[in-house]
Amino acid sequence: MEWPPFDLQHHLEEHLTRVGRENCGFGEEFSAQVQLAPARFGDFQANGALAQGKRSQIPPRQLAQRWLEAVRGEEMFSPTRYELQVAGGGFLNIALSGQAMVEWLAAHGDGDALRRSARELDGRTCVVDFSSPNSAKQMHVGHLRSLVLGDAICRILEFFGARVIRDNHIGDWGTQFGILLRQMAREGVTLEEMEPEEGLKLLEGLYRRGFREVEESEEALREAREELVALQGGDRARLALWERINAISLAAFQQIYDLCSVHFDLVRGESCYRDSLDRVFRELLDCAIAEEDGGALAVFHRDHGRFCTQPFLIRKSDGASNYASSDLATVLYRVERLGADAILYAVDARQQDHFQQLFLTVERWFARMGYRLPELRHISFGTICGEDGRAIRTRSGEPIPLRQLFSEAIARALAIVEKKNPGLDGESRRRIARAVGVGAIKYGDLCQNRTSDYAFSWDRMLSFDGNTAPYLLYALARLHAIARHAPRELSNEAGEAISPIRDGEERALARKLLHFPTTLHQVLADFRPHLLCTYLYELAGEFSSFYAACRVIGPDRDESRRRLFLCSRTRTFLQLGLELLGLETLEQM
Ligand code: ARG
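Below you will find a few notes about this structure. (Residues numbered from 1 in each chain as written. Predicted model: local features only at pLDDT ≥ 70, side-chain atom pairs only at ≥ 80, totals over all residues. Heavy atoms only, no water.)

## Focus: the packing of helix 2 (residues 48-56) against helix 3 (residues 60-72)
- The N-to-C vectors of helix 2 and helix 3 enclose an angle of 120°; their axes lie 8 Å apart at closest approach. The orientation of helix 2 with respect to helix 3, classified from their angle, is oblique. Relative to helix 3, the crossing made by helix 2 is right-handed. For the pair helix 2 and helix 3, the contacting residues are Gly48, Ala49, Leu50, Gln52, Gly53 and Ser56 in the first and Pro60, Leu63, Ala64 and Trp67 in the second.
- For the contact of helix 2 with helix 3, the per-class residue count stands at 6 nonpolar, 4 polar and no charged. (Axes fitted to C-alpha atoms, helices over the stretch in contact; angles between N-to-C directions. Helix = DSSP H or I, 4+ residues; strand = E, 2+ residues; numbered from the N terminus. Parallel < 35°, antiparallel > 145°, perpendicular 65-115°, else oblique. Left-handed = near helix turned anticlockwise from the far one by under 90°. Contact = heavy atoms within 4.5 Å. Nonpolar A, V, L, I, M, F, W, Y, C, P; charged D, E, K, R; others polar.)

In C-alpha cells, the structure reads:
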C-alpha cells in the first residue's frame, strides 16, 4: 500500500531524500533527516537542507526553497495530504491535512491492521535469552529486569513479524553444585517430597553453610571440586540428586513466571550442552583460537586492549567446563538447530566483558569453520537500588525475593483498589489488583532507560498520577467505558467516512497517534522500551486534554463520530502499547 504508509517518518525520509537527490541535484550524500516536530512546526520536520548548505556553500534557506518546489511537483505530496513550508534557517516543516490524518487512522488504526503493516522482521528467527536464573537459589529483585525487559523485547520483535524463541538458559551446571552436593552429603539431606519454595530455602541454607566451609578450608574446597567433577563426569547418584535440585528450582521459578504471566518456549539450562563441549574445545583448538595451558583452555583477543591480559577462560585446569564453554556450545545449538538469525541476551551490565569476549570468540570461530554467523547482542541493563541509592535488601540484609516483591505489589494495589472502588466484588477486586500490582512493577522497570540504574519506589510505581502503570491502565479503562456508553449508530463499524480532523485538541491527539509507528521503530532499533512508555504517557496526556476540551457525544452527528473515532484509535494504541510491554490490561477498574 503506497498511501497511507505505516510509518510516515520513514516514508517521508525515503521520498524527500529521493526528490532532493534526483530533482535538486543534492548528490548521494544528501539525506532528508526527517524528525518528529514540536506541534508549532507541524507534524514532522526535515532538516537535510542545513547539512546540504554546509557541503555546497549555498544558503540552506535557498536550498530548502528549491527542495520544496521539487517536492510540490510530486503527486505523492499533493496539498490534499501535506502542507509544506520552509521555516527558520532552512527547515522544511510538514503538516498532514485533516483529511490525510483520517485516512491514516482509518488504514492503520486498529490492532490487526497495525500488526499486518509491521512486517519487516518477517521470516527472521530471533532467540531471546532472558530470565536465565541459577538453579538452587530463589529469584530475587536482581532477576527482575532481565525477566521484564526480555519479555517486552520478545513482544516487540513478534509485533514486527519475527519468529521469536524465548529461551530460559538456567544456570544448572555450575560450581554451586559441587558445594551443594558436598553439603547435602554431610547433612544427610535428600530433598524428597519438598514444596518448591520450602525446598529452595533449604537449598539456599545448605549453599550458605557449604560456601562458608569451602572458604575456610582447602580440604573442603577440594572435596567440593571433586563433587563437581564427579557430577559432570556422569556419576549416577549425584545426577539423581542434581535432578531433584533442578526440579525444585524450576517449579519455584515457574510460580513466579505464572504470577507475572511470562512464558518460555524453551527451558534449556547450561547442562543441556554438556555433550557438545568437546566439539567446542576441539574446534577452537584446531582453529588455533584457544590456547592450552595445563588442562585449562583460554582464548586471547590480543587486538582488544584490555582482553590482552584478561583471557576468555573456556575450560578450567581440572578439566571442568564453565559458564563460557556452555555459552559457546549454546550459540552453536541456536544457529544449527534453532536456525537463529539473531541471538539477544537480556543480562545485566556487569557481564559486559563476558559477552564481548563470547561474541569475539564466536566471530573468529565461525569465520574459520565457515559457519553462518548470527547477529549477537547483549541487551545490557543497570541495577535496581533502594530509595537510599544502595542495593535493595530485606531487613535481614538479603536481596528481596521476587515472589515477595510481586505479592507485596498486589497487596498494596488491592488496598488502593478497595479504597477507590469499594463497590467491586471480591473476584474483580483481586483481578484488578493483580493487573495493577504486577503491571506497576513491570512498568516501573520498563519506563526507565535500561542502561541506567534506578531507585525502586513503591509510591512512585503505584501512583495514579504520572508515568505509571496505574495511570495508564486507568486511562485505558476510561476509554473502554467511553466505547461502552457510546450510541451504536455513531461507531465506525460500517466504515462510513469520517470527516477531516479539526485543528486544536483533535489535531494534537491525532498527530500523537501518527507518531506511534515511529516510536515502535525507535524501540526496536536499540531495544529501549522506555521510549514506548514515554510515548504512551504523552498519548494519555494528549487524550486528557482532548477529552477535557472536546465534548465527544454532542448534537452534531459528524463531529461525534469523528471524536469517537479518535477515542477508539487512542484506545487501540494504548492497549496495544501496554500489551507490547507485557502488561495485562483491564476494561474496567
Ligand atoms: N545464569 C546467569 C546468571 O545468573 C545468567 C545467564 C545469562 N545467559 C547466558 N546465556 N549467559 O548470571
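## Points about the environment of leucine 313
- Tracing the backbone shows leucine 313 in strand 10 (residues 312-315).
- Leucine 313 sits in the partly exposed class, given a relative accessible area of 39%.
- Once the C-alpha coordinates of leucine 313 and valine 436 are considered, the two residues, 123 residues apart in sequence, prove to be 45 Å apart.
- Sequence-distant contacts of leucine 313, that is, excluding residues within four places in its chain, are made with Ala296, Leu297, Ala298, Asn322 and Ala324. (Buried < 20%, exposed > 50% of the residue type's maximum accessible area, 1.4 Å probe, protein only.)

## Brief notes about the pattern of salt bridges
- Enumeration over the complete set of coordinates arrives at 44 salt bridges.
- Here arginine 182 ties to glutamate 223 by a salt bridge, and the two come within 2.8 Å at their closest N and O atoms. Linking arginine 182 in helix 7 (residues 176-187) with glutamate 223 in helix 9 (residues 218-232), this pair joins segments that are 41 residues apart in sequence.
- Note that arginine 350 and aspartate 348 form a salt bridge whose closest N and O atoms lie 3.0 Å from each other.
- Arginine 350 sits in the exposed class, given a relative accessible area of 73%.
- By relative accessible area, which is 17% here, aspartate 348 ends up buried. (Salt bridge = Lys/Arg side-chain N within 4 Å of Asp/Glu carboxyl O.)

## Considering the site of the ligand
- The full set of residues close to the ligand is Asp129, Ser132, Asn134, His169, Tyr323, Asp327, Tyr345, Val347, Gln351 and Phe355.
- In the model, an oxygen atom of the ligand is placed 2.9 Å from a nitrogen or oxygen of the glutamine 351 side chain. (Near = heavy atom within 4 Å. Polar contact = N/O pair within 3.5 Å; in protein donor to acceptor, adjacent residues only side chain to side chain.)

## Considering the pairing of strand 5 (residues 125-129)
- Strand 5 sits mainly inside the fold: 5 of its 5 residues count as buried.
- On strand 5, burial covers both faces: Thr125, Val127 and Asp129 on one face and Cys126 and Val128 on the other are all buried.
- As paired elements, strand 5 and strand 6 (residues 163-168) share 5 bridges and run parallel to each other. Opposite threonine 125, over in strand 6, you have arginine 163 as the bridge partner.
- The parallel pair strand 5 and strand 6, bridged by helix 6 (residues 144-159), forms a crossover whose chirality is right-handed.
- Pairing of strand 5 with strand 11 (residues 342-346), which is carried by 4 bridges, proceeds in the parallel orientation. Paired with cysteine 126 across the bridge in strand 11 is alanine 342. (Pairing = 2+ DSSP bridges. Right-handed = clockwise from strand over helix to strand, strands pointing away.)

## Observations concerning the sheet that holds strand 10
- Taken together, the 3 strands give an open sheet; going across it, the order is 8-9-10, and neighbouring strands pair in antiparallel fashion. Since the sheet does not close on itself, it has two edges, and those belong to strand 8 (290-293) and strand 10, each with one partner. With strand direction ignored, the average angle separating the axes of adjacent strands in the sheet is 35°.
- Bridge count for strand 8 against strand 9 (residues 296-299) is 4 bridges, and the pairing is antiparallel. Looking at strand 9, one finds that glutamate 291 is bridged to alanine 298.
- Of the strands in this sheet, strand 9 and strand 10 touch helix 13 (residues 352-369), which is tilted by about 70° from strand 10.

## Section: the sheet that holds strand 6
- As summarised here, the arrangement of the 5 strands in space is 7-6-5-11-12, forming an open sheet in which the pairing is parallel. Each edge of the sheet is formed by a strand with only one pairing partner; in this case those strands are strand 7 (266-267) and strand 12 (375-379).
- Looking at chain direction, strand 11 and strand 12 are connected through 5 bridges and run parallel. Bridge assignment links alanine 346 to a residue of strand 12, and that residue is isoleucine 379.

## Some details on helix 15 (residues 426-446)
- Its 21 residues place the ends of helix 15 30 Å apart at the C-alpha level, agreeing with the 30 Å of an ideal helix rising 1.5 Å per residue.
- The sharpest bend along helix 15 comes to roughly 25°, located at alanine 440.
- Of all 21 residues in helix 15, 15 are buried, a share of seventy percent or more. (Expected span 1.5 Å × (residues − 1). Bend = angle between axes of the 7 residues up to and from the residue.)

## A short note on the environment of glycine 339
- Along the chain, glycine 339 falls in the loop between helix 12 (323-336) and strand 11.
- A residue is classified by how much of its surface remains accessible, and glycine 339, at 27% relative accessible area, is partly exposed.
- Apart from the residues within four sequence positions on either side, glycine 339 is in contact with Thr125, Arg334 and Arg372.

## Points about unusual backbone geometry
- A positive phi angle is found at glutamate 193, which is not glycine, with a value near 50°.
- According to the relative accessible area criterion, glutamate 193 is exposed, its value standing at 82%.
- Even without a glycine there, the phi angle at serine 261 is positive, about 50°.
- Structurally, serine 261 is set in the loop between helix 10 (236-259) and strand 7.

## Thoughts on the nonpolar core
- Leu16, Trp67, Leu157 and Leu532 are the most contacted members of the largest nonpolar core, which has 154 residues in total.
- The element best represented in this core is helix 6, accounting for 10 residues.
- Counting 33 residues, the second-largest nonpolar core is a separate cluster that includes Ala290, Phe312, Ala340 and Tyr345. (Core = buried A, V, L, I, M, F, W, Y, C linked by side-chain atoms within 4.5 Å.)

## Remarks on the packing of helix 6 against helix 21 (residues 557-580)
- Remark: helix 6 packs on helix 21, axes separated minimally by 8 Å, with the N-to-C direction vectors making an angle of 125°. The orientation of helix 6 with respect to helix 21, classified from their angle, is oblique. Where helix 6 abuts helix 21, its residues Ala152, Arg155, Ile156 and Phe159 lie against Leu576, Glu579 and Leu580.
- Broken down by class, the residue content of the contact of helix 6 with helix 21 amounts to 5 nonpolar, no polar and 2 charged.

## As for the packing of aromatic side chains
- The tally for this structure, following the rule as stated, stands at 24 aromatic pairs.
- Between phenylalanine 26 and tryptophan 67, the ring centres sit 6.4 Å apart and the planes meet at 70°, which makes this aromatic pair edge-to-face. In this pair, phenylalanine 26 sits in the loop between helix 1 (8-23) and strand 1 (34-36) while tryptophan 67 sits in helix 3, placing the two residues 41 residues apart along the sequence.
- Take tryptophan 67: its relative accessible area is 0%, and that puts it in the buried class.
- On the numbers, 4.7 Å between centres and 25° between planes, the contact of phenylalanine 516 with phenylalanine 573 is stacked. In this pair, phenylalanine 516 sits in helix 19 (residues 516-526) while phenylalanine 573 sits in helix 21, placing the two residues 57 residues apart along the sequence.
- A residue is classified by how much of its surface remains accessible, and phenylalanine 516, at 0% relative accessible area, is buried.
- Phenylalanine 573 gets classed as buried once you look at its relative accessible area, which sits at 0%.
- Taken together, Trp104, Phe516, Tyr535 and Phe573 form an aromatic cluster joined through their ring pairs.
- Sitting above the plane of the tyrosine 333 ring, arginine 268 keeps its charged end 3.8 Å from the centroid. (Phe/Tyr/Trp six-rings, centres within 6.5 Å; stacked < 30°, edge-to-face > 60°. Lys NZ or Arg CZ within 6 Å of the ring centre and 35° of its normal.)

By themselves, these observations are geometric and do not establish any function.
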